[in-house]
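Here's the letter readout for the chains.
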Amino acid sequence: MIKKGIEKYKSLSREVKASFWFLVCGFLQRGISLITTPIFSRVLSTAEYGDFSVFNTWTNVISIFATLNLASGVYTRGLIKYEDDKDHFTGSLESLLMLCTGICFVIYMLFQEQWNSFFELSSPFMYTMFIEILVAAAFHFWSAQQRVEVKYVRLVIFTLLNAILRPTVGVIAVLSFPEHRLEARIYSMVIVDVLTFGGFFLGFFKNGLKTLTTKYWKYALAFNLPLVPHYLSQTVLNQSDRVMIKSMVGSSEAGIYSLAYSLASLMLILNTAVINTLTPWMYKRIRQKDYVAVGTKTVPILLLVAFANFTLTAFAPEAIRILAPSSYYEAIWIIPPVAASTYFIFMYSLFSNFEFYYDQTKFMMVASVLGACTNVVLNYIFIGIYGYYAAGYTTLFCYILYCVGHYLVMRWVSRKYMDGEKVYNMKLIVGISVVFVALCGLMMGAYNHVLVRILLYVAVCAVFVAKRNEFVRILAEMRNAKHEEV
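Residues numbered from 1 in each chain as written. Predicted model: local features only at pLDDT ≥ 70, side-chain atom pairs only at ≥ 80, totals over all residues. Heavy atoms only, no water.

Colleague: I'd like to hear about the nonpolar core, residue by residue, with values.
Modeller: Ranked by internal contacts, the top residues of the largest apolar core, which has 90 residues, are Tyr343, Phe354 and Tyr424. The residues touching Tyr424, leaving out its near neighbours within four places in the chain, are Met282, Val294, Gly295, Thr298, Leu350, Phe351, Phe354, Met410 and Ile429. Membership of the second largest hydrophobic core comes to 23 residues, among which are Ala71, Phe89, Leu93 and Tyr219. (Core = buried A, V, L, I, M, F, W, Y, C linked by side-chain atoms within 4.5 Å. Buried < 20%, exposed > 50% of the residue type's maximum accessible area, 1.4 Å probe, protein only. Contact = heavy atoms within 4.5 Å.)

This is how it looks when you write it as structure tokens:
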């Protein structure tokens, strides 16, 4: 049986092998993070855990301004568009990124005390942050190029090496410097990134200066600048609550919230895997104007994502007991709304794929900014009234609003490009969503009644077991379409 499996693997195309290893790599990264969570939650206090999470949040926010996310969509698209001149294109974007990061660093240095006060971070932490941004960007450029060229072996090796060394060195550093555990956690993380990705940065720096072409700067800026508010809004919607909790309540509460959010975000692995398979399939059906297939066959997938997040909600108390000491147990009340938010993040992709397909990114920005601004305002109001628990529920509300906004944009796209076609049965999708949120609420209400939780979960499982063949059939069809030309 093993021999047969090996032979079947060898017969796969390079594209299929790459997709398989990228998926495995993603699961292993998240898995290693999950395995090491119980260690860090015990060697770091809740306040230190919260401060570390806030440092990462600010890194993600500043990175958007310092890099303009040039290593993401615009670079991947440009590698295909300028295939015959990809070296000059790559070098141009790398030099542009270094210029943007340099400008941001100069702005920081000119008003250093004010920025330190605003971010509630010391100068050494800020210097470390800029190093992390540059090194990570260099790796993202390289990894994007490897993916486009379907060179997966080295990418998987470097990714897993970094994923293993980060927590290993981190634990050793924290235990070695008990009086400076937060500093040890942050500095060890960046040192590992420098050691594993530093070679890419040296090549990145050398290549960027030698192959600079300003016409590619204009292309990249024209494409990405309108998307910066969208990228920033996504980061704000995902992570601003931790910063606000630390500022309004305290670092310990930010740590508890961060643990809950990290656990609930594990469902993003499923989201990413399904979206990576679903998107090429959807693009092909949109090109063929087969909107009926899109509307009918994505609903079972939506149900599958709902069930996965419901499962996490059902066993949140047990998961927290395994992952963290009793000081984090309050996190169980945050997992249900955050898990439900992950479901709506997936639903958003069902609508946004139409926006991406027809290049309507400007309207996408409006929906994203609206969701992020609403989140900040609601957090400010309700965290002050109800405490840090409120952040989970304001996040859920804003992701629902986010979905509604992108659905409205999709309807506009439909009227302009698709003769007003109504792709989805929205009454059915709304019904699924209402039942899903209600079940999560019921499960949360039964957290102190194990038997009730088990019976409710078994009942829901029975429905999915009855429909399992339909799920498998649709997923198989989409997986096969992924490797066809879109």
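Colleague: A description of the packing of helix 14 (residues 291-314) against helix 15 (residues 316-323) should follow, citing residues and the corresponding values.
Modeller: Their axes nearest at 5 Å, the elements helix 14 and helix 15 cross at an angle of 65°. Residue-level contacts link Leu312, Thr313 and Ala314 of helix 14 to Ala316, Pro317 and Glu318 of helix 15. Across the contact of helix 14 with helix 15, the residue classes tally to four nonpolar, one polar and one charged. (Axes fitted to C-alpha atoms, helices over the stretch in contact; angles between N-to-C directions. Helix = DSSP H or I, 4+ residues; strand = E, 2+ residues; numbered from the N terminus. Nonpolar A, V, L, I, M, F, W, Y, C, P; charged D, E, K, R; others polar.)

Colleague: Can you explain helix 8 (residues 153-176)? Please cite residues and give values.
Modeller: End to end, helix 8 covers 34 Å across 24 residues, agreeing with the expected 34 Å (1.5 Å per residue, within 8%). All of the buried residues in helix 8 are Leu155, Val156, Thr159, Leu160, Asn162, Ala163, Pro167, Gly170, Val171, Ala173 and Val174. (Expected span 1.5 Å × (residues − 1).)

Colleague: Tell me about the packing of aromatic side chains, residues and numbers included.
Modeller: Throughout the structure, instances matching the rule amount to 35 aromatic pairs. With a centroid separation of 4.7 Å and an interplanar angle of 70°, the aromatic rings of Trp58 and Phe119 are classed as edge-to-face. Separated by 61 residues along the polypeptide, Trp58 in helix 3 (residues 46-67) and Phe119 in helix 6 (residues 112-119) bring together distant segments of the chain. No difference in accessibility class separates Trp58 from Phe119, as the two residues are buried. Plain terms: the ring middles of Trp142 and Phe158 are 5.7 Å apart, the flat faces sit at 75° to each other, and that makes the pair edge-to-face. Linking Trp142 in helix 7 (residues 123-148) with Phe158 in helix 8, this pair joins segments that are 16 residues apart in sequence. The class of Phe158 is partly exposed, set by a relative accessible area of 22%. (Phe/Tyr/Trp six-rings, centres within 6.5 Å; stacked < 30°, edge-to-face > 60°.)

Colleague: A description of the environment of Leu70 should follow, citing residues and the corresponding values.
Modeller: Structurally, Leu70 is set in the loop between helix 3 and helix 4 (73-81). Along the backbone, Leu70 and Leu97 are 27 residues apart, and their C-alpha atoms lie at a distance of 6.9 Å. Ignoring sequence-local partners within four residues, the contact set of Leu70 consists of Tyr75, Leu93, Leu96, Leu97, Phe141, Ala220 and Asn224.

Colleague: With reference to specific residues and values, describe the side chain of Thr57.
Modeller: Note that Thr57 resides in helix 3. If we ignore the near neighbours within four places in the chain, the residues touching Thr57 are Gln239, Arg242 and Val243.

Colleague: So what about unusual backbone geometry? Which residues, and what values?
Modeller: Of note, the phi angle at Asn69 is positive, near 55°, even though the residue is not glycine. Topologically, Asn69 is positioned in the loop between helix 3 and helix 4. Residue class for Asn69 comes out partly exposed when judged on its relative accessible area of 21%. Positive phi values are uncommon outside glycine, yet Asp419 reaches one of about 55°. Here Asp419 shows up in the loop between helix 18 (390-417) and helix 19 (426-445). In this structure Asp419 comes out as exposed when scored by relative accessible area, which is 79%.

Colleague: Which residues make up the pattern of salt bridges, and what values go with them?
Modeller: Considering all chains together, one arrives at seven salt bridges under this definition. The salt bridge involving Asp290 is made with Arg285; its shortest N-O contact spans 3.9 Å. Take Asp290: its relative accessible area is 29%, and that puts it in the partly exposed class. A salt bridge links Arg453 to Glu318; its shortest N-O distance comes to 2.9 Å. In this pair, Arg453 sits in helix 20 (residues 450-466) while Glu318 sits in helix 15, placing the two residues 135 residues apart along the sequence. The partly exposed category is assigned to Glu318, whose relative accessible area is 28%. Beyond isolated ion pairs, a larger network of salt bridges with shared partners links Glu132, Arg166 and Asp193. (Salt bridge = Lys/Arg side-chain N within 4 Å of Asp/Glu carboxyl O.)

Colleague: Any chance you could break down the packing of helix 11 (residues 228-248) against helix 18 for me, citing the residues and the numbers?
Modeller: One can describe the packing of helix 11 onto helix 18 by two numbers: an axis separation of 10 Å at closest approach and a directional angle of 165°. It follows from the interaxial angle that helix 11 and helix 18 lie roughly antiparallel. Considering how the two elements wind past one another, helix 11 and helix 18 form a crossing that is right-handed. Listed contacts from helix 18 to His230, Gln234, Leu237, Asn238, Asp241 and Ile245 of helix 11 are Ala391, Thr395, Cys398, Tyr399 and Tyr402. Considered class by class, the residues forming the contact of helix 11 with helix 18 number six nonpolar, four polar and one charged. (Parallel < 35°, antiparallel > 145°, perpendicular 65-115°, else oblique. Left-handed = near helix turned anticlockwise from the far one by under 90°.)

Colleague: Explain helix 16 (residues 335-357) to me, using residue names and the numbers behind them.
Modeller: The terminal C-alpha atoms of helix 16 lie 33 Å apart, and with 23 residues this matches the ideal 33 Å at 1.5 Å per residue to within 8%. Considering bend angle alone, the principal kink of helix 16 is centred on Phe351 and spans about 40°. A large share of helix 16 lies buried, amounting to 21 of its 23 residues. Of the residues one or two after helix 16, Asp359 is the one with positive phi, at around 55°. (Bend = angle between axes of the 7 residues up to and from the residue.)

That is the geometry; function is a separate question.
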